[in-house]
Amino acid sequence: MKDQNKPIEPTKSELEILQVLWKQGPSTVRAVNDELLKQKDVNYTTTLKLMQIMADKGILKRNESQMKHVYSVVEEEQATKAHLVDKFVDSMYNGSAGKLVMQLLGGNKTSQQELQEIKDLLKKLEE
């Protein structure tokens, strides 16, 4: 089971499952697998095994009160994403969020609307 003090660190495949559950809410393995099939070729048994492993790790919880087991995410989406972003910034940018932002904005893929939203956010942070 998950150590209560240690944040979860899902693998890439586990993140794909988490994305589905965050979007759809508690779901059966079949519902998750059907959604994953829209993105890539994946076997039901692979999805089942991954979700069982995630439940064993404490990433998911399984409701076994019905015939079909329904899985749900243990940790909130924002908490998981915040941990993963912090870990990424620490390892790739020596903990500097500013360097990450400069890298992201330097790619010329940012729309005018996104730039305005960033400016508005920066203004709020300065207040």
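Our subject is the structure listed above.
Note that the coordinates shown come from a computational prediction; the quantities given were computed from them, not determined experimentally.

### Things to note about a nonpolar patch on the surface
Here's step 1: Together, Leu121, Leu122 and Leu125 make up an exposed nonpolar region whose accessible area comes to about 320 Å².
Here's step 2: Structurally, the position occupied by Leu121 is in helix H6 (residues 112-126).

### Considering the environment of Ile17
Here's step 1: Its location among the elements puts Ile17 in helix H1 (residues 12-24).
Here's step 2: In this structure, the C-alpha to C-alpha distance between Ile17 and Val85, residues 68 residues apart in sequence, is 18 Å.

### Re the packing of aromatic side chains
Given two aromatic rings, one states the distance between the centres and the angle between the planes to describe the pair.
Here's step 1: Considering all chains together, one arrives at one aromatic pair under this definition.
Here's step 2: Ring plane angle 65° and centroid distance 5.9 Å describe the contact between Phe88 and Tyr93, whose orientation is recorded as edge-to-face.

### Description of the environment of Val32
Here's step 1: Relative to the helices and strands, Val32 is located in helix H2 (residues 29-37).
Here's step 2: The spacing of Val32 and Thr110 is 78 residues in sequence and 31 Å in space, taken between C-alpha atoms.
Here's step 3: Every residue in contact with Val32, bar those within four places of it in the chain, is listed here: Ile17, Val20, Leu21, Ser27, Thr47 and Met51.

### Overview of unusual backbone geometry
Here's step 1: Of note, Asn94 is a non-glycine position whose phi angle comes to about 50°, a positive value.
Here's step 2: Relative to the helices and strands, Asn94 is located in the loop between helix H4 (77-93) and helix H5 (97-105).
Here's step 3: Residue classification places Asn94 among the exposed positions, given a relative accessible area of 71%.

### Description of the packing of H2 against helix H3 (residues 44-57)
Here's step 1: Where H2 meets H3, the closest approach of the two axes is 9 Å, and the angle between their N-to-C directions is 120°. One element, H2, and the other, H3, form an angle in the oblique class. Note on packing geometry: the crossing formed by H2 with H3 is right-handed. Residue-level inspection shows Val29, Arg30, Val32, Asn33 and Leu36 of H2 in contact with H3, the latter providing Tyr44, Thr47, Leu48 and Met51.
Here's step 2: Residues that form the contact of H2 with H3 fall into these classes: six nonpolar, two polar and one charged.

Calculation criteria
Throughout this document, residue positions are counted from 1 along each chain, in the order its sequence is written. Owing to the predicted nature of the model, reporting of local features is limited to residues with pLDDT of at least 70; listing and counting of side-chain atom pairs is limited to 80 or more, with chain, interface and lining totals taken over all residues. Side-chain calculation: all heavy atoms of the structure are included, whereas hydrogens and water are not. Every patch collects residues that have over 30% relative accessible area and no salt bridge, joining them within 9 Å if they carry like charges and within 5 Å if they are nonpolar side chains (Val, Leu, Ile, Met, Phe, Trp, Tyr). Each accessible area value is a Shrake-Rupley result obtained with a 1.4 Å probe; residue values ignore everything except the protein chains displayed when judging cover. Just to be clear on terms, a salt bridge is a Lys or Arg side-chain nitrogen sitting within 4 Å of an Asp or Glu carboxyl oxygen. Strands are runs of DSSP state E lasting at least 2 residues, helices are runs of H or I lasting at least 4, and numbering of each runs from the N terminus. Here a Phe, Tyr or Trp ring, Trp counted by its six-membered ring, pairs with any other such ring whose centre lies within 6.5 Å, and the pair is stacked when the planes are under 30 degrees apart, edge-to-face when over 60, and tilted otherwise. The criterion used for residue contact is that any of the two residues' heavy atoms lie within 4.5 Å. To sort residues, take the accessible area from a 1.4 Å probe on protein chains only and compare it with the maximum for the residue type: under 20% means buried, over 50% means exposed, and anything in between is partly exposed. In this analysis, axes come from line fits to C-alpha atoms, helices being fitted only over the stretch in contact, and the angle between any two N-to-C directions falls in the range 0 to 180 degrees. Small angles under 35 degrees read as roughly parallel and large ones over 145 as roughly antiparallel, with 65 to 115 read as roughly perpendicular and the rest as oblique. By the definition used in this description, the sense in which the near helix is turned from the far one sets the handedness, with an anticlockwise turn below a right angle giving left-handed and a clockwise turn giving right-handed. Each residue gets one label: Ala, Val, Leu, Ile, Met, Phe, Trp, Tyr, Cys and Pro are nonpolar, Asp, Glu, Lys and Arg are charged, and the others, such as Gly, are polar.

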